[in-house]
Amino acid sequence: MIVLEQVNKWFGRYHALIDVSENVSKGELVVICGPSGSGKSTLLRTVNRLESIQSGRILIDGQDIYAPGLDINRFRSYIGFVFQQFNLFPHLTALENCTLAPMRVHGLTRSAATKRAMELLERVGLGDKAGAFPAELSGGQQQRVAIARALAMQPPLMLFDEPTSALDPEMVSEVLLVMRDLAHAGMTMVCVTHEMGFAREVADRILFMDAGRVLERASPAEFFQRPQHPRAQQFLADIRTPFAPIDAGKGT
């Protein structure tokens, strides 16, 4: 579904992505993890051209997404993207946020779009909030509406940038179940996250990035139990022991 070939991205003099080459199979759920500033979100954003690249190629289902003449708006309509900041329309209800694009872009009738949206809102635990506006919802609720909105377009590819970062803990498992169901149905998903429990639970494969490079690619079991790259080993060690012990001999 996704092929990246020697992808490079600069922000001015800063080399954000360095010769990234990777394949993501159809139906695969890939988690990208690594320290802040490693290039995870930048890589994700190049896949739907929210960020441009300076060299290399990115193919989505065989289509070069930087080919001249590509209808970028049509292309993006088939890629779901869930942002950290939710990006809901503040003047629309949760239901209207989920029905607008299917009606405007895909031509669904209002009744068909409403039926689909309500099913998705129920799946993310917000069926009773269909008539609420974003300002009336918590951050976690807004993120779940954003996920339902992306799924309402029935995209063959979903990109998640920290999808559980604003979710209440009891809601995380419900979202993971939805994502797992989508993966079993054949949807390709790529998720950037700092949550290692999420990665261990959901991923088919993990990519570890640092300083703009993919340094390790492995199954969750291999990554968490036997990381190969020294930087990945240090990353996991820092997560497991985030605070240095206090030396009692030095007082507080």
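Residues numbered from 1 in each chain as written. Predicted model: local features only at pLDDT ≥ 70, side-chain atom pairs only at ≥ 80, totals over all residues. Heavy atoms only, no water.

Relative to the helices and strands, serine 77 resides in helix H2 (residues 72–77). Its relative accessible area of 14% is what places serine 77 among the buried residues. Other than its neighbours up to four places away in sequence, serine 77 contacts Val105, His106 and Met153. (Helix = DSSP H or I, 4+ residues; strand = E, 2+ residues; numbered from the N terminus. Buried < 20%, exposed > 50% of the residue type's maximum accessible area, 1.4 Å probe, protein only. Contact = heavy atoms within 4.5 Å.)

Burial runs high along helix H1 (residues 40–47): six of the eight residues are buried. The set of residues buried in H1 consists of Lys40, Thr42, Leu43, Leu44, Thr46 and Val47. Positive phi appears at arginine 49, one or two residues downstream of H1, with a value of about 65°.

Turning our attention to the packing of helix H3 (residues 94–104) against helix H4 (residues 110–123). Two elements in contact, H3 and H4, have axes separated by 9 Å at closest approach and are oriented at 130°. Judged on the interaxial angle alone, H4 and H3 are oblique. You can see that H3 and H4 cross each other, and the crossing is right-handed. Together, Ala94, Leu95, Cys98, Thr99, Pro102 and Met103 of H3 and Arg110, Ala113, Thr114, Arg116, Ala117, Met118 and Leu121 of H4 make up the contact between the two elements. A per-class count over the contact of H3 with H4 returns nine nonpolar, two polar and two charged. (Axes fitted to C-alpha atoms, helices over the stretch in contact; angles between N-to-C directions. Parallel < 35°, antiparallel > 145°, perpendicular 65-115°, else oblique. Left-handed = near helix turned anticlockwise from the far one by under 90°. Nonpolar A, V, L, I, M, F, W, Y, C, P; charged D, E, K, R; others polar.)

Note: strands within a sheet are paired through backbone hydrogen bonds, in either parallel or antiparallel orientation. Strands sit in the order S6-S7-S8-S3-S9-S10 across an open sheet of six strands; the sheet is mixed. Single-partner strands in this sheet number two, and they are strand S6 (79–82) and strand S10 (213–218). If you compare each strand with its neighbour and ignore which way they point, the axes differ by 15° on average. As defined by bridge partners, strand S3 (residues 29–33) adjoins strand S8 (residues 188–192) across four bridges and the pair is classed as parallel. By the bridge assignment, valine 30 is partnered in S8 with valine 190. (Pairing = 2+ DSSP bridges.)

All right, on to the packing of aromatic side chains then. Within this structure, the stated rule accounts for four aromatic pairs. Measuring from ring centre to ring centre gives 5.1 Å for phenylalanine 208 and phenylalanine 235, while their planes differ by 55°; the resulting arrangement is tilted. Here phenylalanine 235 lies in helix H9 (residues 230–240) and phenylalanine 208 lies in strand S9 (residues 205–210), a separation of 27 residues in the sequence. For the pair phenylalanine 208 and phenylalanine 235, one class covers both residues: buried. A ring pair is formed by phenylalanine 223 and phenylalanine 224, whose centres lie 5.2 Å apart and whose planes are at 80°; its orientation type is edge-to-face. For phenylalanine 223, a relative accessible area of 0% puts it in the buried group. The class of phenylalanine 224 is buried, set by a relative accessible area of 6%. Through a chain of ring-to-ring contacts, the aromatic side chains of Phe208, Phe223, Phe224 and Phe235 assemble into a single cluster. For lysine 9, the ring lying beneath its charged end belongs to phenylalanine 11, and the centroid distance is 4.6 Å. (Phe/Tyr/Trp six-rings, centres within 6.5 Å; stacked < 30°, edge-to-face > 60°. Lys NZ or Arg CZ within 6 Å of the ring centre and 35° of its normal.)

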